[in-house]
Protein chains: 2
Amino acid sequence: MKRAKVTSGDVARLADVSQSAVSRSFSEDASVSAVTRAKVLKAARKLGYRPNVIARAMISGRSRLIAVLVAYLDNQFYPIVIEQLSRALQERGFHVLLFITDTGNQDVVVQQMMGYQVEGIVMASASLSSTLARECAQTGIPVVLFNRYAPSSPASSVTSDNIEGGRLVARYLVDGGHKRIAYIAGSEDSSTNRDREAGFYRGLAESSQIVWARAVGNYSFEGAADATRQLCSSKIKPDAIFVANDHMAFSVMDVLRIEMKLHIPNDISIIGYDDVPEADWGGYKLTTVRQPSEAMIDATISILMEQIQQETVSRRAAILPAELIVRQSARLPKNKS
Amino acid sequence: MKRAKVTSGDVARLADVSQSAVSRSFSEDASVSAVTRAKVLKAARKLGYRPNVIARAMISGRSRLIAVLVAYLDNQFYPIVIEQLSRALQERGFHVLLFITDTGNQDVVVQQMMGYQVEGIVMASASLSSTLARECAQTGIPVVLFNRYAPSSPASSVTSDNIEGGRLVARYLVDGGHKRIAYIAGSEDSSTNRDREAGFYRGLAESSQIVWARAVGNYSFEGAADATRQLCSSKIKPDAIFVANDHMAFSVMDVLRIEMKLHIPNDISIIGYDDVPEADWGGYKLTTVRQPSEAMIDATISILMEQIQQETVSRRAAILPAELIVRQSARLPKNKS
DNA sequence: CAAATTCTTGCATACGTATTCAAACTGTGC
DNA sequence: GCACAGTTTGAATACGTATGCAAGAATTTG
């Protein structure tokens with residue numbers, strides 16, 4: 001089977017108009033009479049013509065492409081974000097060009113993105129390389145850091161209020177009467193971890209407590225398991241653990257229940273962060289902090305659209321409210337009202 | 001900040017060569033002397049030049065874009081596939097253009113894909129519309145149905161051996177001494193469900209059993225919960241359920257354990273299909289059939305690359321072996337060896 | 001009804017690259 | 001020094017569309 005491309009010229013010939021007329025007929029706000037447009041659209045339908053986005057991108061400089069950069073998809077927070085983001089962009093005539101990358105070859109990936117003339121970049125689970133920061137500043141492509149931020153870079157960011165989220169957790173655990181409260185960190189160089197941890201500590205301090213123990217799970221399933229074993233290696237164990245995200249919290253709960261034979265929440269309380277779908281599953285019923293993913297997507301879209309529209313990049317930071325979702329993995333606060 | 005595009009012409013001027021020379025320097029197998037290429041690359045680096053993929057796509061007809069069409073990402077099988085697929089394509093210089101769609105507006109999406117001049121299409125969790133089938137046959141773009149197939153269409157397909165997988169489950173449950181074996185179907189019009197169910201029934205028949213009850217979960221979390229309630233509404237309940245995929249199986253287990261107060265696998269055995277990461281989580285330890293996702297990705301890639309290379313589409317169907325992964329959600333077979 | 005104004009339309013060009021073609025250059029063997 | 005093959009190079013062109021421009025058509029205004 002051979003590729004039979006049909007171009008605007010072909011349509012023009014059939015409709016007996018100029019190629020310009022065809023082009024204009026497919027542009028929303030162009031100067032074409034109703035009858036001409038009708039003729040063109042009819043001919044186009046007959047030939048199965050669709051404007052070539054590539055050619056359009058060439059001349060107009062608008063590729064309608066948004067690069068989404070992601071490191072892993074095994075934390076369920078990100079697939080859901082990608083789905084919602086892609087849906088929202090599609091509605092606006094944009095599309096998602098997906099890049100998976102470890103932090104290592106990020107520079108190469110950046111080059112590739114630029115090659116595709118993307119009109120915007122969303123970095124959803126990778127930290128911002130200095131190269132990218134520079135490049136994006138140079139070229140004027142808007143960049144949104146999703147669920148992370150980098151104060152020194154010109155990139156915009158969208159996050160939940162991680163500080164307040166961490167604080168909510170601290171208060172809840174204190175109110176629950178816990179005395180040996182531990183923390184399992186994500187990646188220590190991530191802004192999410194920094195803020196959640198800072199807010200958590202601040203919340204503890206407000207009740208004159210300090211963190212009883214701390215370990216690092218690096219946002220990975222295995223890392224969290226190791227961190228848990230480390231925290232619970234001695235005889236006297238924590239009576240509550242705040243885990244920096246849900247993905248790790250599941251692993252923590254598994255280790256506690258299976259290896260340590262502990263009962264949750266009677267022996268130990270667990271609180272996570274994100275509120276991914278699995279948190280509501282019967283096997284976990286994880287008390288957690290909900291990130292408002294819809295609001296975060298909306299903010300991302302509006303930042304992108306605005307900056308693409310007015311062809312200028314400026315740094316904006318959206319911080320959206322987080323909310324504690326109470327389920328069954330943490331002891332309820334003592335009646336205190 | 002303004003967009004400062006640097007073109008091959010700019011590089012040519014700086015390197016004091018022709019634009020052609022620049023183009024050739026960035027093409028692997030082109031006629032350029034080593035010294036010229038060196039000059040060009042040096043100038044390019046200095047200016048931060050990268051070939052414009054859009055322009056290249058224009059002239060050469062190769063967009064290096066593969067459309068991936070997906071309906072939902074909440075079944076974790078798909079995010080993982082997308083990650084692996086994207087990685088593999090990136091290594092080969094291709095990139096994933098992501099399309100999220102319900103079956104409704106699929107035709108629109110197809111038009112959009114064509115507009116981007118994609119070189120291949122992977123349909124990963126949506127059924128093939130007749131429009132797409134026709135279009136793809138017309139234009140000669142290779143289409144791979146991932147984890148599904150449509151015998152009448154010209155599209156290639158990659159699946160696991162769903163029939164054999166279903167049979168493995170039947171045999172395992174029979175060997176486990178189960179007497180009231182039920183089935184919870186996915187979407188009844190999906191090829192995966194058809195095959196898994198057919199294989200399952202065949203397996204049962206081989207041991208002179210038939211399915212004891214059946215309900216439909218439509219591959220959704222809530223659908224599976226309802227199906228479970230339906231199957232277990234009367235006093236006499238099934239003693240085993242084969243659920244058409246893992247995603248539903250988790251929901252089934254939740255309902256059985258929480259609402260029905262049943263113990264798995266003592267009271268009832270559950271077997272799923274896919275072997276998503278959550279199947280190995282402590283809260284479920286789901287016995288399931290593993291789909292060889294790496295092998296399926298490999299097959300997809302090789303079908304695409306081959307057909308793109310030789311610029312011809314032909315229908316190929318890869319069926320890869322499935323394997324039963326024994327965990328703890330189903331009673332072990334009685335010692336029979 | 002003529003003049004002024006707004007709408008439509010086609011021509012020509014531009015976008016940034018790959019590629020064909022012929023010319024220029026290189027080196028080889030006689 | 002010459003004919004030859006092989007290699008390297010630049011000029012020109014093509015890809016499919018959008019758009020500035022000017023001319024023509026249609027409409028409004030006085």
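Here the structure is a predicted model, which means the values were calculated and not measured. (Residues numbered from 1 in each chain as written. Chains lettered and ligands numbered in written order. Predicted model: local features only at pLDDT ≥ 70, side-chain atom pairs only at ≥ 80, totals over all residues.)

(A) View of the interface of chain A and chain B. Contacts between chain A and chain B engage 50 residues on the former and 50 residues on the latter. Elements with a minimum of two residues in the side of chain A that touches chain B: helix H4 (53-60), helix H5 (77-91), strand S2 (95-100), helix H6 (106-115), helix H7 (130-139) and helix H11 (246-259) of chain A. Sort the elements by how many residues they give to the side of chain A that touches chain B and H5 of chain A lands first, with seven residues. Taken together, the residues of the side of chain A that touches chain B break down into 26 nonpolar, 15 polar and nine charged. As paired elements, S2 of chain A and strand S2 (residues 95-100) of chain B share three bridges and run antiparallel to each other. Its bridge partner being in S2 of chain B, Leu 98 of chain A is matched across the sheet by Val 96 of chain B. (Contact = placed C-beta atoms within 7 Å. Helix = DSSP H or I, 4+ residues; strand = E, 2+ residues; numbered from the N terminus. Nonpolar A, V, L, I, M, F, W, Y, C, P; charged D, E, K, R; others polar. Pairing = 2+ DSSP bridges.)

(B) The relation of the copies chain A and chain B, seen in detail. The transform that puts chain A on chain B rotates by 180° and translates by 0.0 Å along the axis, for an RMSD of 0.1 Å. Expressed as an axis order, the relation between the two copies is that of a two-fold axis. Here 100% of the interface residues in chain A have copies in chain B that are interface residues too; the copies meet face to matching face. (Least-squares fit on C-alpha atoms with pLDDT ≥ 70 in both.)

(C) Examining the domain arrangement of chain A more closely. By domain assignment, chain A separates into domain 1 (8-51), domain 2 (61-160 + 293-320) and domain 3 (162-291). Here the C-alpha centre of domain 2 of chain A lies 35 Å away from the C-alpha centre of domain 1 of chain A. (Domains from an automatic or database assignment.)

(D) The sheet that holds strand S6 (residues 181-185) of chain B, seen in detail. Residues and elements named next belong to chain B. On the basis of which strands lie adjacent, the open sheet formed by six strands has the order S7-S6-S8-S9-S10-S12 and mixed pairing. If you trace the sheet from one side to the other, it starts and ends with strand S7 (213-216) and strand S12 (323-325), each paired once. Shown here is a sheet whose adjacent strand axes are inclined to one another by a mean of 20°, direction ignored. Across four bridges, the pairing between S6 and S7 is parallel. Paired with Tyr 183 across the strands is Arg 214, a residue of S7. Each of S6, strand S8 (240-243), strand S9 (269-274), strand S10 (287-290) and S12 is contacted by helix H8 (residues 162-175), which is oriented at about 165° to S9, the strand it contacts most. (Axes fitted to C-alpha atoms, helices over the stretch in contact; angles between N-to-C directions.)

(E) Structural view of the protein's contact with DNA strand C. Taken together, 27 residues form the shell around DNA strand C, and within it Ser 18 of chain A together with Thr 7, Ser 8, Ser 20 and Ser 23 of chain B come nearest. Among the secondary structure elements, those contributing two or more residues to the surface near DNA strand C are helix H2 (19-25) and H4 of chain A together with helix H1 (8-15), helix H2 (19-25) and helix H4 (53-60) of chain B. Ranked by residue count, the leading element in the surface near DNA strand C is H4 of chain B, at five residues. Its residues assigned to classes, the surface near DNA strand C shows 10 nonpolar, 14 polar and three charged. (Near = placed C-beta within 6 Å.)

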